[in-house]
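Coordinate inspection notes
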Amino acid sequence: GAAVFTANVIAGVIATARRITPLAGLREPAVYAALDAGPSGVFRTSPEGALTERIAGHDVVRRLHDSYAPAPVLLLICDTIGDGATAYQHALLSAGALGYSVWLAGRHSGLNGRLFPDASALATALVRAERHLFTVALGWPAPDGTMHREEVTRSCESATLSAATATGTPPGTCGSSRRCA
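The notes below deal with the structure included here. (Residues numbered from 1 in each chain as written. Predicted model: local features only at pLDDT ≥ 70, side-chain atom pairs only at ≥ 80, totals over all residues. Heavy atoms only, no water.)

1. Some words on the pairing of strand E2 (residues 41–45)
For E2, the tally of buried residues reaches four of five residues, placing the bulk of the element in the interior. The pairing of strand E1 (residues 30–35) with E2 spans four bridges and is antiparallel. Opposite Ala33, over in E2, you have Phe43 as the bridge partner. The hairpin formed by E1 and E2 contains five residues between the paired strands, and Gly38 there has a positive phi angle of roughly 70 degrees. In this sheet, strand E3 (residues 51–56) lies alongside E2 in antiparallel orientation, the contact comprising three bridges. Within the sheet, the bridge partner assigned to Phe43 lies in E3 and is Arg54. Linking E2 to E3, which pair antiparallel, is a turn of five residues; within it Gly49 sits at a positive phi near 95 degrees. (Buried < 20%, exposed > 50% of the residue type's maximum accessible area, 1.4 Å probe, protein only. Helix = DSSP H or I, 4+ residues; strand = E, 2+ residues; numbered from the N terminus. Pairing = 2+ DSSP bridges.)

2. Brief notes about the sheet that holds E3
The strand order E3-E2-E1-E4-E6-E5 describes an open sheet built from six strands, whose pairing is antiparallel. The open sheet has two edge strands with one neighbour each: E3 and strand E5 (112–116). In this sheet, neighbouring strand axes are inclined to one another by 25 degrees on average, regardless of whether the strands run parallel or antiparallel. Here E5 runs beside strand E6 (residues 131–139); their pairing, made up of five bridges, is antiparallel. Counterpart to Leu115 in the pairing with E6 is Val136. Most of the contacts of helix H2 (residues 58–67) go to E2, to which it runs at about 90 degrees, and overall it touches E1, E2, E3 and strand E4 (73–79). Running over the sheet, helix H3 (residues 87–108) touches E1, E4, E5 and E6 and is turned about 5 degrees from E6. (Axes fitted to C-alpha atoms, helices over the stretch in contact; angles between N-to-C directions. Contact = heavy atoms within 4.5 Å.)

3. Here's the deal with unusual backbone geometry
Note on backbone geometry: most residues besides glycine have negative phi, and most peptide bonds are trans. With a phi angle near 55 degrees, Arg128 is a residue other than glycine that sits in the positive phi range. By secondary structure assignment, the location of Arg128 is in the loop between helix H4 (121–127) and E6. The class of Arg128 is exposed, set by a relative accessible area of 71%.

4. Regarding the pairing of E1
Sheet faces and side chains relate simply in a regular strand, where the side chains alternate between the two faces. Burial runs high along E1: six of the six residues are buried. Judged by which residues are buried, E1 turns out to be covered on both faces: Ala30, Tyr32 and Ala34 on one side and Val31, Ala33 and Leu35 on the other are all buried. Here E1 runs beside E4; their pairing, made up of six bridges, is antiparallel. Paired with Val31 across the two strands is Ile77, which belongs to E4.

Purely geometric stuff here, so don't read any function into it on its own.
This is how it looks when you write it as structure tokens:
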């Protein structure tokens, strides 16, 4: 089904990104997944990328779409900010490194994506003890190179991740606009 496929794709991308991102003594940031399809809502993820606790509903996902992109998956990268002069810089470095690795792992898996290195007060309010620092929007590429929610539904119903990757469909880009509709 669509929900299992979406969760497996997210877990694979996050796990791959964590393997390819050596954080050289820095804390590993937390990742939250805002899902548009399947189990809709905002979920914590485990270090391996599995969806764990649901922390918000679909209405919050829609509000995040307004801030970022109407993508099927928004990965919110968050971290605690420690004390000291360099704590914020270290948190930003960790979040940015993981964010770019998630984007690259998604592209390698045939997904389309956008990077948003700006924080959201809404996302920070959701995660409470952590601070939102970086967002990655992911989805299946549409023929015109953009991301569409409808494309994920069709892909999930008709293919597995390996089959979708094997089709040879070149990943697109969202272009320079902030919205990927």
